[in-house]
Amino acid sequence: MVASTCVKTGVPILSDLTNCAHVVPKLLENLMPALSLIPVRTEYTRPGYGSRYGFTNWPMKKDYTKRQCVKENFVTRMRLNAIRKNNILPLELRQIADKEIAEEPRDSNPIRLVNRCVLTGRGRGTVQHYRVSRIMWRHFADYNKLSGVKRACW
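Nothing here was measured: the structure is a model prediction, and the numbers come from that model. (Residues numbered from 1 in each chain as written. Predicted model: local features only at pLDDT ≥ 70, side-chain atom pairs only at ≥ 80, totals over all residues. Heavy atoms only, no water.)

1. Some details on unusual backbone geometry
Counted only if it meets this: Helix numbering and strand numbering both begin at the N terminus, where a helix is a DSSP run of H or I of at least 4 residues and a strand a DSSP run of E of at least 2.
A positive phi is found at R131, a non-glycine position, where the angle reads about 60 degrees. Mapped onto the fold, R131 is located in the loop between β3 (126-127) and β4 (132-133).

2. A word on the confidence of the model for the protein
For clarity, the threshold we go by: pLDDT runs from 0 to 100 and stands for how confident the predictor is about each residue. The contact definition used throughout considers only heavy atoms, calling two residues in contact when any of these lie within 4.5 Å.
Scored by pLDDT, the protein has a mean of 75; 65% of the residues are at 70 or more. Of the regions scoring below 50 in pLDDT, residues 16-21 engages in four contacts with residues more than four places distant in sequence or in other chains. Counting contacts from residues 34-46, a segment whose pLDDT is below 50, to residues more than four positions away or on other chains yields 16 contacts.

3. Quick word on the environment of D98
Note the following rule: Remark: exposure states derive from per-residue accessible area (1.4 Å probe, protein chains only) relative to the maximum for the residue type, with buried under 20%, exposed over 50%, and partly exposed in between.
One can find D98 in helix α4 (residues 91-103). By relative accessible area, which is 36% here, D98 ends up partly exposed. It is 6.1 Å that separates the C-alpha atoms of D98 and R84, two residues lying 14 residues apart in sequence.

4. Some points on helix α3 (residues 58-84)
In an α-helix, one full turn covers 3.6 residues, which means residues spaced three or four apart are oriented alike. Here is the rule we go by: The angle separating two fitted axes, one through the seven residues that finish at a residue and one through the seven that start at it, defines the bend at that residue.
Of all bends in α3, the biggest is about 55 degrees, found at N73. Buried within α3 are the following residues: P59, M60, D63, K66, C69, V70, N73, R77, L80 and N81.

5. Looking at the packing of α3 against α4
What counts, and what does not: Only C-alpha atoms enter the line fits that serve as axes; for helices the fit covers just the stretch in contact. Angles between N-to-C directions range over 0 to 180 degrees. It is the rotation of the near helix from the far one that decides the hand of a crossing: anticlockwise by less than a right angle makes it left-handed, clockwise makes it right-handed. Amino acid classes used here: Ala, Val, Leu, Ile, Met, Phe, Trp, Tyr, Cys and Pro are nonpolar; Asp, Glu, Lys and Arg are charged; the rest, including Gly, are polar.
Closest axis-to-axis distance for the α3/α4 pair is 8 Å, and the angle between their directions is 145 degrees. α4 is crossed by α3, and the crossing has left-handed handedness. Contacts from R77, L80, N81, I83 and R84 in α3 reach L93, R94, A97, D98, E100 and I101 in α4. Here the contact of α3 with α4 is composed, by residue class, of five nonpolar, one polar and five charged.

6. So, the nonpolar core
The following threshold applies: To form a nonpolar core, buried Ala, Val, Leu, Ile, Met, Phe, Trp, Tyr and Cys residues must be joined to one another through side-chain atoms within 4.5 Å.
Among the nonpolar cores identified, the biggest contains seven residues, and these are C117, V132, M136, F140, A141, L146 and V149. Counting residues per element, this core draws most heavily on helix α5 (residues 134-142), which supplies three residues. Non-local contacts of L146, meaning those with residues more than four positions away in its chain, are made with Y130, W137, F140 and A141.

7. Regarding α4
Quick reminder of the rule: What a helix is expected to span follows from its residue count: subtract one and scale by 1.5 Å. Working definition: the arc comes from the directions between the helix axis and the C-beta atoms, pointing outward to the latter.
Its 13 residues give α4 an end-to-end C-alpha distance of 19 Å, which sits within 8% of 18 Å, the value for a rise of 1.5 Å per residue. Every buried residue of α4 is accounted for by R94, A97 and I101. The arc enclosing the buried residues of α4, seen along the axis, measures out at 55 degrees, which places them on a common side. Residues E92, K99, A102 and E103 are exposed on α4 and point more than 90 degrees away from its buried face. Against the buried residues of α4 lie α3.

8. Here we look at the packing of aromatic side chains
Worth spelling out the cut-off: Aromatic rings from Phe, Tyr and Trp, with only the six-membered ring used for Trp, were paired whenever their centres fell within 6.5 Å, and each pair was classed as stacked if the ring planes differed by under 30 degrees, edge-to-face if by over 60, and tilted otherwise.
Enumeration over the complete set of coordinates arrives at one aromatic pair. Seen in terms of ring centroids, Y130 and W137 are 6.2 Å apart; in terms of plane orientation they differ by 55 degrees. Their pairing is tilted. Taking relative accessible area as the criterion, W137 reaches 26% and is therefore assigned partly exposed.

Laid out in structure tokens, this is it:
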């Protein structure tokens, strides 16, 4: 089945592809040194919050706790807001809702959430469709890591 191997990488060159499911893992194993030549950005792989907890920096960790707080208190906060802003209800009931919403944690407000890059934790300049910062988006676009994205040429 294997006609010869590549002189440069040592990857077997297949002449017949029938019944070759057992060869695919071996091919991938041989291709790994070639794939490691692609340059990789390392600022999001540094040790710290990212290595143990899955967070690149402390703002990402803080944003995670805010999102958990919003997740827990969102329904009650929206109901209290609906009562508070309803002009048909009596004033006393709206004032009670005002006091209750003031007792809610500040981080339960979804306005306080910041969309961050999932790789670097950068809070500004994120491309929302990909959830990465503009810097990382450009890096991935340069090395053809984003499907359908092409550099402008005219």
